[in-house]
Amino acid sequence: MRSPGRFLLFVVLVIVGVKLSEQGYALVAYADERVQARELRTQLVATGSELVDARVEADSLRQVITAEDARLERELRVVQRFHRNARRGPMTPEAYAEYSAKLERYNLNVVSRNAILRRLEALHDRQHVAVNRYNLLADSLHALAVEMGQPYYQVPTALEAAAEAREREKP
């Protein structure tokens with residue numbers, strides 16, 4: 001009579017053998033796909049890092065724009081006060097000189113603020129391109145993983161990719 005323990009051991013060994021043979025086959029059969037997956041992941045990590053960097057820079061520029069807008073609003077109120085005073089009568093030469101200086105400073109600050117806004121818009125364009133490239137790479141990597149029989153392959157988020165890129169950069 002055979003013991004149930006030996007039978008269970010035999011079943012476990014058969015299962016382990018089948019799984020090992022599947023892993024060995026996958027190792028040989030999908031060698032090119034694994035190389036391609038590593039390349040896609042490297043590109044994905046670089047793109048995710050670029051995306052996060054662009055977001056951080058855009059947030060910083062938005063704060064600068066907000067501060068500039070507040071300052072411009074204060075300066076505009078000063079210029080408008082001069083306009084209201086000019087409606088009541090002519091300005092003295094000293095008041096006109098002060099008005100001209102304030103108006104010139106306001107206009108220069110508007111030009112400066114608009115230059116920052118153009119940088120922000122260019123950054124948004126760069127970020128949009130990075131998002132599209134990141135999504136394309138993530139979809140390609142996931143499709144390749146499915147092809148290799150690993151449908152649950154973990155594609156890193158942009159933040160995870162940025163963290164991974166920072167880890168790679170460390171000496």
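Residues numbered from 1 in each chain as written. Predicted model: local features only at pLDDT ≥ 70, side-chain atom pairs only at ≥ 80, totals over all residues. Heavy atoms only, no water.

## Regarding the overall build of the protein chain
Link 1 in the chain: Per the secondary structure count, the protein chain includes 4 helices and 0 strands.
Link 2 in the chain: Mapped in sequence order, the helices and strands of the protein chain form the string α-α-α-α.
Link 3 in the chain: Computed over C-alpha atoms, the radius of gyration of the protein chain comes to 32 Å, more than 25% over the 16 Å expected from 2.2 N^0.38 for 171 residues, which places it beyond the range of a compact globule.
Link 4 in the chain: When the backbone C-alpha atoms are referred to their principal axes, the protein chain occupies close to 120 × 35 × 30 Å.
Link 5 in the chain: A total of 171 residues make up the protein chain; the buried ones form 25% of that total.
Link 6 in the chain: Considering only intrachain contacts with a sequence separation of at least 6, the fraction spanning at least 24 residues in the protein chain is 81%.
Link 7 in the chain: Here the protein chain displays about 12300 Å² of accessible surface, and carbon together with sulfur accounts for 59% of that area. (Helix = DSSP H or I, 4+ residues; strand = E, 2+ residues; numbered from the N terminus. Rg over C-alpha atoms; globule rule 2.2 N^0.38 Å. Buried < 20%, exposed > 50% of the residue type's maximum accessible area, 1.4 Å probe, protein only. Contact = heavy atoms within 4.5 Å. Areas by Shrake-Rupley, 256 points an atom, 1.4 Å probe, with all protein chains shown as cover.)

## Considering a nonpolar patch on the surface
Link 1 in the chain: Taken together, the side chains of Phe7, Leu8, Phe10, Val14 and Val18 present a nonpolar region at the surface, about 500 Å² in accessible area.
Link 2 in the chain: Within the fold, valine 18 resides in helix α1 (residues 4–29).
Link 3 in the chain: Classification of valine 18 by relative accessible area gives partly exposed; the value is 41%. (Patch = residues over 30% accessible without salt bridge, like charges linked within 9 Å, V, L, I, M, F, W, Y side chains within 5 Å. Salt bridge = Lys/Arg side-chain N within 4 Å of Asp/Glu carboxyl O.)

## Let's talk about the side chain of asparagine 109
Link 1 in the chain: Along the chain, asparagine 109 turns up in helix α3 (residues 93–147).
Link 2 in the chain: Discounting chain neighbours no more than four positions away, the residues touching asparagine 109 are Glu68, Arg71, Leu72 and Glu75.

## Re the environment of isoleucine 15
Link 1 in the chain: Here isoleucine 15 is to be found in helix α1.
Link 2 in the chain: The sequence separation of isoleucine 15 and arginine 84 amounts to 69 residues, and the corresponding C-alpha distance is 90 Å.

## Observations regarding the packing of helix α2 (residues 31–88) against α3
Link 1 in the chain: Between α2 and α3, the shortest axis-to-axis distance is 6 Å and the interhelical angle comes to 160°. With respect to their mutual orientation, α2 and α3 come out roughly antiparallel. As for the relative orientation of α2 and α3, their crossing is left-handed in sense.
Link 2 in the chain: For the contact of α2 with α3, the per-class residue count stands at 30 nonpolar, 9 polar and 18 charged. (Axes fitted to C-alpha atoms, helices over the stretch in contact; angles between N-to-C directions. Parallel < 35°, antiparallel > 145°, perpendicular 65-115°, else oblique. Left-handed = near helix turned anticlockwise from the far one by under 90°. Nonpolar A, V, L, I, M, F, W, Y, C, P; charged D, E, K, R; others polar.)

## Let's talk about the pattern of salt bridges
Where charged atoms from two side chains of opposite charge come close, those side chains can pair.
Link 1 in the chain: Here the structure, examined in full by the defined rule, presents 11 salt bridges.
Link 2 in the chain: Here glutamate 68 ties to arginine 71 by a salt bridge, and the two come within 2.7 Å at their closest N and O atoms. In this pair, glutamate 68 and arginine 71 both sit in helix α2, 3 residues apart, roughly one turn of the helix.
Link 3 in the chain: Across the pair glutamate 167 and lysine 170 runs a salt bridge whose closest N-O atoms are separated by 3.3 Å.
Link 4 in the chain: A single network of salt bridges, built from pairs that share partners, joins Arg41, Glu164 and Arg168.

## So, the nonpolar core
A general feature of soluble globular proteins is that nonpolar side chains tend to end up buried together.
Link 1 in the chain: Counting residues in each nonpolar core, the largest one holds 15 residues, and the members touching the most others are Leu44 and Leu141.
Link 2 in the chain: Going through the elements one at a time, α2, α3 and α4 (158–169) are the ones with two or more residues in this core.
Link 3 in the chain: At 6 residues, the largest contribution of residues to this core is made by α3.
Link 4 in the chain: The residues contacting leucine 141, other than those within four sequence positions of it, are Ala37, Leu40, Arg41, Leu44, Tyr153 and Val155.
Link 5 in the chain: Core analysis: the second largest hydrophobic core is formed by 7 residues, Ala58, Ile65, Ile116 and Leu123 among them. (Core = buried A, V, L, I, M, F, W, Y, C linked by side-chain atoms within 4.5 Å.)

## So, the packing of aromatic side chains
Link 1 in the chain: This structure, assessed with the given rule, holds 2 aromatic pairs.
Link 2 in the chain: A ring pair is formed by phenylalanine 82 and tyrosine 99, whose centres lie 5.7 Å apart and whose planes are at 55°; its orientation type is tilted. Of the two residues, phenylalanine 82 is situated in helix α2 and tyrosine 99 in helix α3; the sequence distance between them amounts to 17 residues. By the burial criterion, phenylalanine 82 is buried, and tyrosine 99 matches it.
Link 3 in the chain: Grouping aromatic residues by their ring pairs yields a cluster made of Phe82, Tyr96 and Tyr99. (Phe/Tyr/Trp six-rings, centres within 6.5 Å; stacked < 30°, edge-to-face > 60°.)

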